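Topology and contacts: notes
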4 protein chains.
Amino acid sequence: MSELSNKPSRTQPIVFKDPVHDYIHVDDRLILQLIDSKEFQRLRRIKQLGTSQYTFHGAEHSRFSHSLGVYELTRLITDRFARYYAHQWDSQEQFVALCAALLHDIGHGPFSHTFEKIFKTDHEAITQQIILNPATQVHHILQHAGEDFPAQVASVIAKTYPNPQVVQLISSQMDADRMDYLLRDAYFTGVSYGNFDLSRILRVIRPYTQGIAFSYAGMHAVEDYVVSRYQMYMQVYFHPVSRGMEVTLDRLLTRAKDLYLAGQLDILPPFLEPFFDNHYTLHDYLALDDAVLITAIGLFCQSKDTILSTLAQMFYNRKPLKSVEFDGKNQTEIVEKLRHLVEKAGYPLQYFTQINRSSDLSYDYSLKGQSPIILMNPDDSLVELSTASPIVKILSDHLHGNQRLYVPAEFLSTSADIPFDVQVLRQQFLKHIHNGHII
Amino acid sequence: MSELSNKPSRTQPIVFKDPVHDYIHVDDRLILQLIDSKEFQRLRRIKQLGTSQYTFHGAEHSRFSHSLGVYELTRLITDRFARYYAHQWDSQEQFVALCAALLHDIGHGPFSHTFEKIFKTDHEAITQQIILNPATQVHHILQHAGEDFPAQVASVIAKTYPNPQVVQLISSQMDADRMDYLLRDAYFTGVSYGNFDLSRILRVIRPYTQGIAFSYAGMHAVEDYVVSRYQMYMQVYFHPVSRGMEVTLDRLLTRAKDLYLAGQLDILPPFLEPFFDNHYTLHDYLALDDAVLITAIGLFCQSKDTILSTLAQMFYNRKPLKSVEFDGKNQTEIVEKLRHLVEKAGYPLQYFTQINRSSDLSYDYSLKGQSPIILMNPDDSLVELSTASPIVKILSDHLHGNQRLYVPAEFLSTSADIPFDVQVLRQQFLKHIHNGHII
Amino acid sequence: MSELSNKPSRTQPIVFKDPVHDYIHVDDRLILQLIDSKEFQRLRRIKQLGTSQYTFHGAEHSRFSHSLGVYELTRLITDRFARYYAHQWDSQEQFVALCAALLHDIGHGPFSHTFEKIFKTDHEAITQQIILNPATQVHHILQHAGEDFPAQVASVIAKTYPNPQVVQLISSQMDADRMDYLLRDAYFTGVSYGNFDLSRILRVIRPYTQGIAFSYAGMHAVEDYVVSRYQMYMQVYFHPVSRGMEVTLDRLLTRAKDLYLAGQLDILPPFLEPFFDNHYTLHDYLALDDAVLITAIGLFCQSKDTILSTLAQMFYNRKPLKSVEFDGKNQTEIVEKLRHLVEKAGYPLQYFTQINRSSDLSYDYSLKGQSPIILMNPDDSLVELSTASPIVKILSDHLHGNQRLYVPAEFLSTSADIPFDVQVLRQQFLKHIHNGHII
Amino acid sequence: MSELSNKPSRTQPIVFKDPVHDYIHVDDRLILQLIDSKEFQRLRRIKQLGTSQYTFHGAEHSRFSHSLGVYELTRLITDRFARYYAHQWDSQEQFVALCAALLHDIGHGPFSHTFEKIFKTDHEAITQQIILNPATQVHHILQHAGEDFPAQVASVIAKTYPNPQVVQLISSQMDADRMDYLLRDAYFTGVSYGNFDLSRILRVIRPYTQGIAFSYAGMHAVEDYVVSRYQMYMQVYFHPVSRGMEVTLDRLLTRAKDLYLAGQLDILPPFLEPFFDNHYTLHDYLALDDAVLITAIGLFCQSKDTILSTLAQMFYNRKPLKSVEFDGKNQTEIVEKLRHLVEKAGYPLQYFTQINRSSDLSYDYSLKGQSPIILMNPDDSLVELSTASPIVKILSDHLHGNQRLYVPAEFLSTSADIPFDVQVLRQQFLKHIHNGHII
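Definitions and cut-offs
- Residues numbered from 1 in each chain as written.
- Chains lettered and ligands numbered in written order.
- Predicted model: local features only at pLDDT ≥ 70, side-chain atom pairs only at ≥ 80, totals over all residues.
- Helix = DSSP H or I, 4+ residues; strand = E, 2+ residues; numbered from the N terminus.
- Rg over C-alpha atoms; globule rule 2.2 N^0.38 Å.
- Contact = placed C-beta atoms within 7 Å.
- Least-squares fit on C-alpha atoms with pLDDT ≥ 70 in both.
- Nonpolar A, V, L, I, M, F, W, Y, C, P; charged D, E, K, R; others polar.
- Axes fitted to C-alpha atoms, helices over the stretch in contact; angles between N-to-C directions.
- Parallel < 35°, antiparallel > 145°, perpendicular 65-115°, else oblique.
- Left-handed = near helix turned anticlockwise from the far one by under 90°.
- Pairing = 2+ DSSP bridges.
- Buried ≥ 20, exposed ≤ 12 C-beta atoms within 10 Å, placed from the backbone.
- Domains from an automatic or database assignment.
- pLDDT = per-residue confidence, 0-100.
- Core = buried A, V, L, I, M, F, W, Y, C linked by C-beta atoms within 7 Å.

1. Topic: the overall build of chain A
Along its length, chain A carries 22 helices and 11 strands. Taking 22 Å as the expected radius of gyration for a compact globule of 439 residues, we find that chain A reaches 24 Å, a close match to that expectation. In terms of principal-axis extent, the alpha carbons of chain A reach across some 95 × 50 × 40 Å. Excluding contacts between residues fewer than 6 apart, the proportion of contacts in chain A whose partners are at least 24 apart in sequence is 69%.

Following this line, the structure appears as structure tokens:
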């Protein structure tokens, strides 16, 4: 065997066993250090799907595993770009893409959506702060790749990075983020609808001057991804019970904050005060996680304020507010009437009822800041997906989602053992409900 | 269609989407109430695999989903018993079996093994208390099935229930508990070794006078289950890094307790005091969960006691003690020598080193209190599994597991940036290590 | 255990291991005899997907396994009907439904579509003949269930059976046949698009007076099935290479028949003569299978007729005619021009070129004889699927498919080593082709 | 993007969709030509598992798909060797390994084992002939890689190729052949036992001077492969019904040959004569496939020789001889007695009874010509697998398999409608049978 190489062979990558992608492969020492940083390890303590776990009990996975998955998909895609499209992809861009992929969610907090609304935090801004702030381990590690490198990674998150290929890999209608979360959420919920043909997508994705495109031959695989995304929204992300838990959390945090501002909050859980009085630092924010919030709610269950302790127990023991659907445009009057029936039963209106709107475009070719999905013909001419697929056109033309009124459960069940006067109010309430809709 | 039935049709069961068993089916109102009880909902806040999640990032599933799975398997098995073995199975036993299956883990606390060791709690005893204590919702619900019913369910857990079939369904070498956790842990870790042919097992499992047996025709399927279990122990449950996190947790809680008892603990996290001074009630215990413990460790990171804060940060940021294997019988002397090298580097011996033994019999036909696996011939004669399968015999004859010495990571790595005197000690340390073993 | 039943327990069903449904369960002795009949065993020798195996090499499964699958799905559905909808489903209908499900494809011959076209056979009529003809084992077995029973089973196939529920189970837009073949073809091709949420569909399917409906709550699962079906047509069933093999087979059989009728066929393979001279009996038909046809083609490879032996070798060694797409309405003239270029190169027009149209409505709510998909609201009112789902509406409004011109491969490749004059003709040919389409 | 490469990018590989490995990737034009050769296309017409399809109806896959799978695994392994072990693996060996992998089964005929026994053919010798014979397309294509190249490929098959790494990749206790067939047979039968952790195996397989080894860290994955193989033999390959079909085929071909040699065969099916009189050429052999043999059996069903037509119908309609197990060493006398009871019922002994032995070592570290499985320690020292794994030791020490006597079905069933004198003989027969064993 005289032909043996004298070159030192490559070292095998470090791997992390992953139920979705089999293994996550890490070749680079800096990537490994980022994963080991305390800001990234914190993502283990933040669940990916917030309150969806209360409907789909398998959905207990964290943003840690999702972030590894987005990194792995970005690695697979950019490895292919370097191999097959070297004339259109600068392989020196891979590292900044991998770092941005890994860190794109690092600013998320517990139950992000609800928490942000009430405490005016912004996870995208915080993601950039964590990357840019010299006090973080993440920043320190990134600097080893160049003084300016943290700013470059942050600019990918901010979508101001000059190379649109890198930006679109991390953030577009069909990016590594969405591809991972569909597959991952499908796996952990056990709902098969989120599955699509990833290996086919990987074979047809390709770079071009203005960003990322897909060979026309893969049109039906891309179309199938769009339909999968639509199905996951319909069946998982918009589920009324998960939204009921979110509404309940929203109301209980609002009550706690109102009490705090009025100087009447009798229990102050660890780590939360900076957010009640709106004077938090990045350090304060990084101390937040699901455990802190759950422990706080456990403590609130013991508050002497009945509204707070009731709402806290409802969340803690999974007894959320329940809902009926209504027509957003023409039913505001009847909705207000129903809310007042609830109030008559002794439930303060602002804490025990809420309107919740879910809406999302499965695919929107016009939405600002979100690059559309582009198909490339054999002769390199481009086609926007919805002009080639009537199914995608339909999904992008219609806003899918609905509006629901949330109220205490006893107004929507027949079995609860409740006082006679509330029974009377419930009867009035139910007269306006048919097949789960307000009429 | 003149033959349409006049009997009212059965109502379809309530279902919970489950990634392992597809759906969990609940036909009975009391079972639904048990699931909705606050003691059962608490299991959502306790992870099934404790520190394994730090090695297998997908393993973030809770005891809640496992308990539903054990219930579902028990339902499937007892439905078959009623259908095909009515002469050997009393179908009135199904309900007590289902309740015991659902509740068998309800007494578990956070990171049970470690917590129990330090605070002298006992999850099996507490499981029975929760069932028997009139203050719990679980007890209240069970009582609707009969004044004596809670005691019956508790006796299944205690293995004193008169019908051995019911006891063995919940607790034997091949029970619904083990079958669910192997499949579930395989699914969430992504490690395929835990899979076995459940549908075949369900077709060969059967009741007999003394308990549960398996038709001889299914011998190879049962053998495969035993091998799967062995593989999961080897590859997942005994993983050195997960045990390193456990050892680190053990040491940090010990330090906190030691400080408390000495009156020197500067931070007292919510809900933990009753355990430090060993005066806890069932109510105190039920307030414990992973969130409470994680939040406590987050607070301990800020302690002024350097030992406590160092250990807390090691756990919080996943920087566990690391380990080498050794031969338990003949190497106690050299192990002690190595521990003293660590101490010389300034690490208090009792908090920064620990010996950890993992051991388990994949299948033990003699182990007290654990019923062996019995095969039934076509002529109803019985055979103990290990006499029919040489593979199982080998696995039951050998104790699989090992012993490891855990020390600070810098003693086992070459890259850490450490002071010169520690480097010298490390060199002495490493002279005794070859291929990950103490020599 | 005083409550043990005195009733004899049920016997466990006979099972067949199936990769799609795990096990096929047979409780009834007559069903087992039907499976063992020689007419049913013949289905082992007929592949389910004809020429698709030449594109998707895994697709080598037979109509035998598909027929077992349709039986199993019908069994699962009607078991549920009996359990949950006894007031709307006559459980005495189960047996006729099971027999029709099992036997629905029993009249299929080798490469049905092509064979039927050339030899004027009709598999649906033959299916009924096999059931009705006293000489078959199938008929003999069915008669044990009643003198009139074969006629009842045949009438389900003919859609004249009085109970529309039974007819729609076997033959409608969403019947057991289609559900099995989508899942099965997806499994064996390895193309995931055919998968849909069968367990959810089984939970929402239900009988009503006029046939089969689906609970409205399952709308998205049904919608997903329709999209899956569309994807399988686009990606598998309409694949141009499979159609190329079909076209090649069509031309070679046509040539053999033409030679036979002209008294010039030099090789007469076993079992085929009755079809060449159009005087076949049911007995002759049942002797046909893939093996007979493949062996015939192997023999034709040695014919002295160059056209026949060339076409036979093309099929035998998988060198099919190749194709370009064209616009059916406006390009007949140019298509004729291209065919004549082929003829100039020495290829007889009628044997070496062919136009092939693929078309299918994924879901058609108006198509005669095919019941539409009906959703049932909580208040039992009915909705046709496409009025509830914009995606389904789009799929049912558009005819999906295309038209292709098939010609010898050398006209569409650049690499073949061909004579100069053919090269000139090819250049003229290719001037009319752009991106795989005729322009 | 000034860093775009000037090198032409690589072309994407041609892919074949595969249900086991997702895609088969072909980068090399010669490999594609080999796949397109008529000798390789013939493998589409030969089933991988012979008579197993009559027990596991999904097992209808061909040697064509298996051969592609062996090629793909060899490609994956040698790509890794080139990447990570360039100092121990000569990457110029990849092409000969790929060709040998693809072609290793090309000499197989229909129902190889049985056919070879009766007609004295040898598929391994024929594989080499096909590669070496200048008349084949395969030889012609291989020659493009060098005059001597066909001989090199043939020598890999013959295990005389000088580089043991290449030989062991294709033929050893843990080669690409076995790895593919276990996974593929598991997939198509639907029997999960054949699955093992391929991706882990691929990460620990490595070349060394004397051949192929596995990193010690992968010991449990390798162990699991050995157990999977054992389970597939126990549950699939040795299944008594499949062997019954094989025995029936063996007897029917023997009868046909006996009649031919006696000049009494009334039906001579196409393509078989050269084998009856033992004067066949390679060209004759390549005309054989499953279709030819099945068609022959279909014709034999009509023979006037009752023995031949009875046996042919038994095979054609899946009514095989049935069996009882016996102890090979001590029961020859009683077996002979039982055979004579069958003969008394009118069944010629040599055609209607047969003894069949199945035996195989799941793993044998001594078997000549089959390289054992070698583990490599971190310090590069070597360990033979069975010394490291007690499970493997047990499996290699015990010969697993059994011996069965096959007789007409009516001797082993109680339901058949048979004459009184046969009933008496059967009663005598059954007195010697208990629990499926001869006693």
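Picking up where we left off.
2. Some details on the relation of the copies chain A and chain D
For the pair chain A and chain D, the best superposition has an RMSD of 0.0 Å and corresponds to a rotation of 180° with a translation of 0.0 Å parallel to the axis. The relationship between the two copies is best expressed as a two-fold rotation axis. Comparing interface residues between copies, 100% of those in chain A also sit at the interface in chain D, which points to an isologous, same-surface contact.

3. Some thoughts on the interface of chain A and chain D
One frequently used descriptor of interface size is the decrease in accessible area upon assembly of the parts. Across the boundary between the two partners, chain A contributes 20 residues, which contact 20 residues of chain D. Each residue belonging to the side of chain A that touches chain D can be placed in one class, and the counts come to 6 nonpolar, 8 polar and 6 charged.

4. What to know about the packing of helix α5 (residues 112-119) of chain D against helix α13 (residues 240-261) of chain D
Residues and elements named next belong to chain D. Direction vectors running N to C along α5 and α13 enclose 30°, while the axes themselves pass 10 Å from each other. In terms of orientation, α5 and α13 fall into the roughly parallel class. Of the two possible hands of crossing, α5 and α13 adopt the one that is right-handed. Contacts between α5 and α13 involve Thr114, Lys117 and Ile118 on the former and, on the latter, Glu246, Leu249, Asp250, Leu253, Thr254 and Lys257.

5. Some thoughts on the sheet that holds strand β7 (residues 374-376) of chain D
Residue and element names in this part refer to chain D. Strands sit in the order β3-β4-β7-β8 across an open sheet of 4 strands; the sheet is mixed. Two strands bound the open sheet, and with one partner strand each, they are β3 (205-208) and β8 (382-384). Strand after strand, the sheet turns through a mean of 45° between neighbouring axes, direction not considered. Pairing of β3 with strand β4 (residues 211-215), which is carried by 4 bridges, proceeds in the antiparallel orientation. Across the sheet, Arg206 pairs through a bridge with Ala213, a residue of β4.

6. A few points about the environment of Gly109 of chain D
All names here are of chain D. For Gly109, the position within the fold is in the loop between α4 (94-103) and α5. Accessibility expressed as a C-beta count within 10 Å gives 25 for Gly109, which makes it buried. Sequence-wise, Gly109 and Leu286 are 177 residues apart; in three dimensions their C-alpha atoms are separated by 8.1 Å. Not counting residues up to four positions away in its chain, the partners in contact with Gly109 are Ile46, Phe115, Thr121, His123, Tyr285 and Leu288.

7. Here's the deal with the interface of chain A and chain B
Residue-level contacts link 32 residues of chain A with 32 residues of chain B. Counting residues per element, the ones that place at least two in the side of chain A that touches chain B are β1 (14-18), α2 (38-41), α3 (63-84), α10 (176-189) and α16 (290-300) of chain A. Per-element accounting of the side of chain A that touches chain B gives the leading share, 7 residues, to α16 of chain A. Each residue belonging to the side of chain A that touches chain B can be placed in one class, and the counts come to 14 nonpolar, 11 polar and 7 charged.

8. With respect to the relation of the copies chain A and chain B
At an RMSD of 0.1 Å, chain A and chain B line up after a rotation of 180° and a shift of 0.0 Å along the axis. When the interface residues of chain A are mapped onto chain B, 100% of them again lie at the interface, so the same face is used by both copies.

9. So, the sheet that holds strand β8 (residues 382-384) of chain A
Through backbone hydrogen bonds, the strands of a sheet pair up, either in parallel or in antiparallel fashion. Residue and element names in this part refer to chain A. Within the open sheet, the 4 strands sit side by side as β3-β4-β7-β8. Their pairing is mixed. This sheet does not close on itself; its edge strands, each paired only once, are β3 (205-208) and β8. Averaged over neighbouring strand pairs, the angle between their axes works out to 45° when direction is ignored. Looking at chain direction, strand β7 (residues 374-376) and β8 are connected through 3 bridges and run antiparallel. For Ile374, the partnering residue across the bridge sits in β8 and is Glu384.

10. Quick word on the domain arrangement of chain A
Residue and element names in this part refer to chain A. Under the domain assignment used here, chain A contains domain 1 (14-231), domain 2 (238-320) and domain 3 (321-439). Each of domain 1 and domain 3 has a C-alpha centre, and these two points are 29 Å apart. Counting from both sides, the interface comprises 19 residues of domain 1 and, opposite them, 20 residues of domain 3. Among the secondary structure elements, those contributing two or more residues to the side of domain 1 that touches domain 3 are β3, β4 (211-215) and α12 (219-237).

11. Section: the confidence of the model for chain A
Scored by pLDDT, chain A has a mean of 93; 96% of the residues are at 70 or more. Under the prediction, the complex receives an ipTM of 0.95, its pTM being 0.96.

12. Topic: the nonpolar core
The biggest cluster of nonpolar side chains holds 161 residues, and the ones touching the most others in it are Ala100 of chain A together with Ala100 of chain C. The residues contacting Ala100 of chain A, other than those within four sequence positions of it, are Val153, Val156, Ile157 and Ile170 of chain A. In this structure, Leu395 of chain B together with Phe64, Tyr85 and Phe214 of chain D belong to the second largest nonpolar core, which totals 158 residues.

13. Focus on the pairing of strand β1 (residues 14-18) of chain C
Residue and element names in this part refer to chain C. Sheet topology note: the β1/strand β2 (residues 22-26) ladder contains 5 bridges and is antiparallel. For Asp18, the partnering residue across the bridge sits in β2 and is Asp22. Counting the residues that bridge the hairpin from β1 to β2 gives 3 residues.

14. A closer look at α16 of chain A
With 11 of its 11 residues buried, α16 of chain A lies for the most part within the structure. Restricting attention to buried positions, one finds in α16 of chain A the residues Asp290, Ala291, Val292, Leu293, Ile294, Thr295, Ala296, Ile297, Gly298, Leu299 and Phe300 of chain A. Against α13 (240-261) and α17 (306-316) of chain A together with α16 (290-300) of chain B lie the buried residues of α16 of chain A.

15. Quick word on unusual backbone geometry
A positive phi angle is found at Arg318 of chain C, which is not glycine, with a value near 55°. Within the secondary structure, Arg318 of chain C is located in the loop between α17 (306-316) and β5 (322-326). At Asp380 of chain D, a residue that is not glycine, the phi angle is positive and equals roughly 70°. On the secondary structure map, Asp380 of chain D appears in the loop between β7 and β8.

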